[in-house]
Amino acid sequence: MKLYFNPRSRAVIGKWMLDEAGVEYEIVPIDLDKREQKSPEYLQVNPAGKLPALVDGETRVFENAALCLYIADKYPQARLAPKLDAPERGRYLSLVVYSTSQLEPSMADHMAKLPTHPSRGWTEYSQALDAVERELGDGPYLFGDWFTAADVMIGSMFIYQRMLGGSTGRPKLEAYVDRLQARPKGMKLR
């Protein structure tokens with residue numbers, strides 16, 4: 001398994017997921033300054049010319065949500081996802097997708113001080129935070145004591161926000177991010 005990677009990219013999310021799964025993988029460094037992500041060879045891996053991308057034999061996966069879903073399902077022994085027939089599966093899938101379809105764009109609007117127009121398809125930032133707080137409940141993670149790929153995806157959004165000098169301003173969510181960053185294999189940013 002090969003992870004196309006640059007530490008200054010979103011590929012750190014895919015790396016976090018692979019590390020949490022405890023699987024062996026090879027890092028394929030991509031030099032963003034040389035625009036290697038736009039090379040014809042790399043575009044065969046990820047047609048969008050972005051990081052991350054994962055190649056596992058004949059399988060290629062790009063976009064962090066897809067990487068997390070793929071890794072969690074491929075390595076069920078890591079217990080990073082509910083089983084396919086588990087009642088929690090729908091909530092889990094929804095949270096993984098919510099991270100990029102609602103939380104991330106609303107957070108970007110918030111950090112750029114832009115209004116969120118309903119026609120754009122995502123909720124306002126405060127409403128996204130409300131939703132994550134409800135889903136977090138009283139547990140340390142989104143599924144209580146059980147850390148899943150949903151925590152990787154939702155948590156990575158908040159970790160990036162911190163890295164950029166932002167905060168949710170909500171003690172419950174800030175404590176959640178603290179727990180995620182304290183994990184031995186947690187997402188490391190440079």
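Here is what the cut-offs are and how they apply
- Residues numbered from 1 in each chain as written.
- Predicted model: local features only at pLDDT ≥ 70, side-chain atom pairs only at ≥ 80, totals over all residues.
- Heavy atoms only, no water.
- Buried < 20%, exposed > 50% of the residue type's maximum accessible area, 1.4 Å probe, protein only.
- Helix = DSSP H or I, 4+ residues; strand = E, 2+ residues; numbered from the N terminus.
- Contact = heavy atoms within 4.5 Å.
- Salt bridge = Lys/Arg side-chain N within 4 Å of Asp/Glu carboxyl O.

An unreviewed UniProt entry annotates the protein as Glutathione S-transferase family protein of Corallococcus macrosporus.

*Asks:* I tried to follow helix H1 (residues 11–21) on my own but got confused; where do I start?
*Replies:* Side chains three or four residues apart in an α-helix point the same way, a direct result of the helix having 3.6 residues per turn. The element H1 is extensively covered by neighbouring structure, given that 9 of its 11 residues are classed as buried. For H1, the set of buried residues is Ala11, Val12, Ile13, Gly14, Trp16, Met17, Leu18, Glu20 and Ala21. Considering only its buried residues, H1 is in contact with strand E1 (2–5), strand E3 (53–56), helix H3 (64–74), helix H6 (149–163) and helix H7 (171–182). Where H1 terminates, the next one or two residues include Gly22, which has phi positive at roughly 70 degrees.

*Asks:* Mind showing me how you'd approach the pattern of salt bridges here?
*Replies:* Side-chain pairs of opposite charge can arise whenever the charged atoms involved come near each other. As enumerated under the stated definition, the model contains 12 salt bridges in all. A salt bridge links Glu135 to Arg91, with the nearest nitrogen and oxygen atoms 2.4 Å apart. Separated by 44 residues along the polypeptide, Glu135 in helix H5 (residues 125–136) and Arg91 in helix H4 (residues 89–111) bring together distant segments of the chain. The exposure class of Glu135 is partly exposed, given its relative accessible area of 30%. According to the relative accessible area criterion, Arg91 is partly exposed, its value standing at 30%. Here the salt bridges do not stand alone but share partners, grouping Asp130, Glu133 and Arg170 into one network.

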